[in-house]
Amino acid sequence: MTVPVIFNRKLVRYHRDRAAYHHQTIQDIVQIGADRLLERLDDIQRSFTDVLEIGGRGVVAPILQSKGMNVVSGDLSHRLVSINSALSVCLDEEYLPFKAHSFDLVIANFNLHWVNDLPGSLLQIKNILRPDGLFLAAIPILPTLSTLRDVMTEEEVELCGRVFPRISPFPDLRACATLMQRAGFALPVVDKEELSLVYRSAMALMKDLRFAGETNALMEQQKTFTNKDFLASCITKLQDQDEIAVPLHFAVLTGWGPDSSQQQPLQPGQFSVSLEDALKN
Amino acid sequence: MTEQSSSPPIDPRLLSVLVCPLTKGPLIYDKEKSELISCNAALAYPIKEGIPVMLVDEARHLTDEEVNKYK
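Residues numbered from 1 in each chain as written. Chains lettered and ligands numbered in written order. Predicted model: local features only at pLDDT ≥ 70, side-chain atom pairs only at ≥ 80, totals over all residues. Heavy atoms only, no water.

A look at the interface of chain A and chain B
Of the residues lining the interface, 22 residues belong to chain A; the matching set on chain B comes to 19 residues. The interface formed by chain A and chain B includes 1 salt bridge. R13 of chain A serves as the salt-bridge partner of E58 of chain B, at 3.1 Å between the closest nitrogen and oxygen. Across the contact surface, chain A and chain B share 9 residue pairs in polar contact (both at pLDDT 80 or more). For the side of chain A that touches chain B, the elements supplying multiple residues, two or more each, are α1 (9-21), β2 (70-75), α4 (78-81) and β3 (87-91) of chain A. Classifying every residue of the side of chain A that touches chain B by side-chain character gives 12 nonpolar, 6 polar and 4 charged. In the sheet, β3 of chain A pairs with strand β4 (residues 51-54) of chain B via 2 bridges, with the strands oriented parallel. Across the sheet, residue C90 of chain A finds its bridge partner in β4 of chain B, namely V53 of chain B. (Contact = heavy atoms within 4.5 Å. Salt bridge = Lys/Arg side-chain N within 4 Å of Asp/Glu carboxyl O. Polar contact = N/O pair within 3.5 Å; in protein donor to acceptor, adjacent residues only side chain to side chain. Helix = DSSP H or I, 4+ residues; strand = E, 2+ residues; numbered from the N terminus. Nonpolar A, V, L, I, M, F, W, Y, C, P; charged D, E, K, R; others polar. Pairing = 2+ DSSP bridges.)

Next up, the structure:
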């Protein structure tokens, strides 16, 4: 099966390389996102020893290390992964370079949304997990950046008469759930969180997106210079409101490497208590 | 060839879990050249500043002769 190429992975890598120079600027947002994701670990009683974290931007690895875990950090960008103090590997999420059953915890912090072959990546993650190992990820989902998308589409149609794709087609919650199931994780859970972000100026928002390495990396993007009037009118339109609310909606994905020690569903008809009795009590 | 001497040796813990991203086959660590060799894919992945770069785009293609040398 051929995988549709939606994202220009070279561009994603270039954006992340550039983001490495500015990682301090957006550290606060990354920290809050990482905290929200990692607090899930506090609800889990079992301990983890060997951990792979992907896309942690120097924030995730120290938290895990402070919990006494052996951490390997991975990122598509050599520059961005080198800000980690943990063991680091420059890697492509679509071609993970690890042996099967290498880790008992894999964490992907807001970086799987630039992957073309997401089902393939998840399958590989499942393979490098040990039985009963945990996969934990945060992925931005719709309607993240919808304010920006709406304004840009509207203005571009009006001024230029056609629309170039500018905002990443994020998955929705349901797609995430399907993906987890398809990859064959045991006990998959997907739920939604929201991080409220409010900007005073449109330029500040654009700057943060750039500093985060989250600017447009779509294959079908405009290859020529963007119309100056179009950008100006987008900014004016965004500035109409005093505050620009751009909430980050994200899905938290959890799934386990299948293991016989986990609870298994019964076969149909294989029950000892009748539903009728259970409802009566 | 500037990376040869500057790249610190790779951590054995990391080495024990790494495989070729393309073939998932084993890698040979060439300390001198600071490269990880995948014979099956005939590729040499560079190690920059102690960080293995496991990207197919960045890997050096090996000739049959070179591959045979590692086998």
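Continuing now.
Here we look at the pairing of strand β1 (residues 50-54) of chain A
The two faces of a sheet get side chains in turn, since along a regular strand they alternate between them. Residues and elements named next belong to chain A. Counting buried positions along β1 yields 4 of 5 residues, so the element is predominantly enclosed. Relative to β2, β1 runs parallel, the two sharing 5 bridges. Bridged to V51 within β2 is V71. Of the crossover connections in this fold, the one passing from β1 over helix α3 (residues 60-66) to the parallel β2 is right-handed. Pairing between β1 and strand β4 (residues 103-109): 4 bridges, direction parallel. When the bridges of β4 are listed, E53 appears paired with I107. (Buried < 20%, exposed > 50% of the residue type's maximum accessible area, 1.4 Å probe, protein only. Right-handed = clockwise from strand over helix to strand, strands pointing away.)

A closer look at the pattern of salt bridges
Residue and element names in this part refer to chain B. In total, this model carries 21 salt bridges over all chains according to the counting rule given. A salt bridge links R60 to E66; the shortest N-O distance between them is 3.1 Å. In this structure R60 comes out as partly exposed when scored by relative accessible area, which is 31%.

Describing the pairing of strand β2 (residues 35-38) of chain B
All names here are of chain B. Here β2 shows a buried face lined by E35 and I37 and a second buried face lined by L36 and S38. Pairing between strand β1 (residues 28-30) and β2: 3 bridges, direction antiparallel. By the bridge assignment, I28 is partnered in β2 with I37. If you look at the hairpin formed by β1 and β2, you'll find 4 residues sitting between the two strands, and S34 has a positive phi there, around 60 degrees. Of the pairings in the sheet, the one linking β2 to strand β3 (residues 43-48) comprises 4 bridges and is antiparallel in character. The residue bridging E35 from the neighbouring strand is P46, located in β3. Between β2 and β3, which follow one another and run antiparallel, lie 4 residues, and A42 among them has a positive phi close to 55 degrees.

Comments concerning the nonpolar core
Counting 45 residues, the largest nonpolar core has L41, L64, M69, L105, I107 and L148 of chain A as its most contacted members. Setting aside anything within four residues of it in sequence, one finds L105 of chain A in contact with L41, F48, D50, V51, L52, M69, L129 and L134 of chain A. Within the second largest apolar cluster, 41 residues are counted, among which are V72 and V89 of chain A together with L14 and M54 of chain B. (Core = buried A, V, L, I, M, F, W, Y, C linked by side-chain atoms within 4.5 Å.)

Points about the confidence of the model for chain B
Residues of chain B with pLDDT of at least 70 account for 90%, and the chain-wide mean is 88. In this model, residues 1-5 of chain B is a region of pLDDT below 50 whose contacts with residues beyond four sequence positions or in other chains number 4 contacts. (pLDDT = per-residue confidence, 0-100.)

A few points about the state of the cysteines
Within this structure, the stated rule accounts for 0 disulfides over all chains. Here C20 of chain B is not disulfide-linked; the sulfur of C39 of chain B is the nearest cysteine sulfur, at 10 Å. (Disulfide = S-S within 2.5 Å.)

Section: the packing of aromatic side chains
How two aromatic rings sit relative to each other is set out by the distance from centre to centre and by the angle between their planes. All names here are of chain A. The full count for this structure, using the stated rule, is 4 aromatic pairs over all chains. Summarising the aromatic geometry, the rings of F110 and F250 are spaced 5.0 Å apart at their centres and angled 65 degrees between planes, so their arrangement reads as edge-to-face. Note that F110 is positioned in the loop between β4 and α5 (118-128) and F250 in strand β9 (residues 248-256), a separation of 140 residues in sequence. (Phe/Tyr/Trp six-rings, centres within 6.5 Å; stacked < 30°, edge-to-face > 60°.)

A short note on the UniProt feature "domain: Methyltransferase type" (unreviewed entry) in chain A
According to UniProt, the feature "domain: Methyltransferase type" (unreviewed entry) maps to residues 56-136 of chain A in the numbering used here. End-to-end, the C-alpha atoms of residues 56-136 of chain A are 12 Å apart, and along that stretch the chain is 27% helix and 32% strand. (UniProt positions renumbered as here; feature names shortened; annotations may be inferred.)

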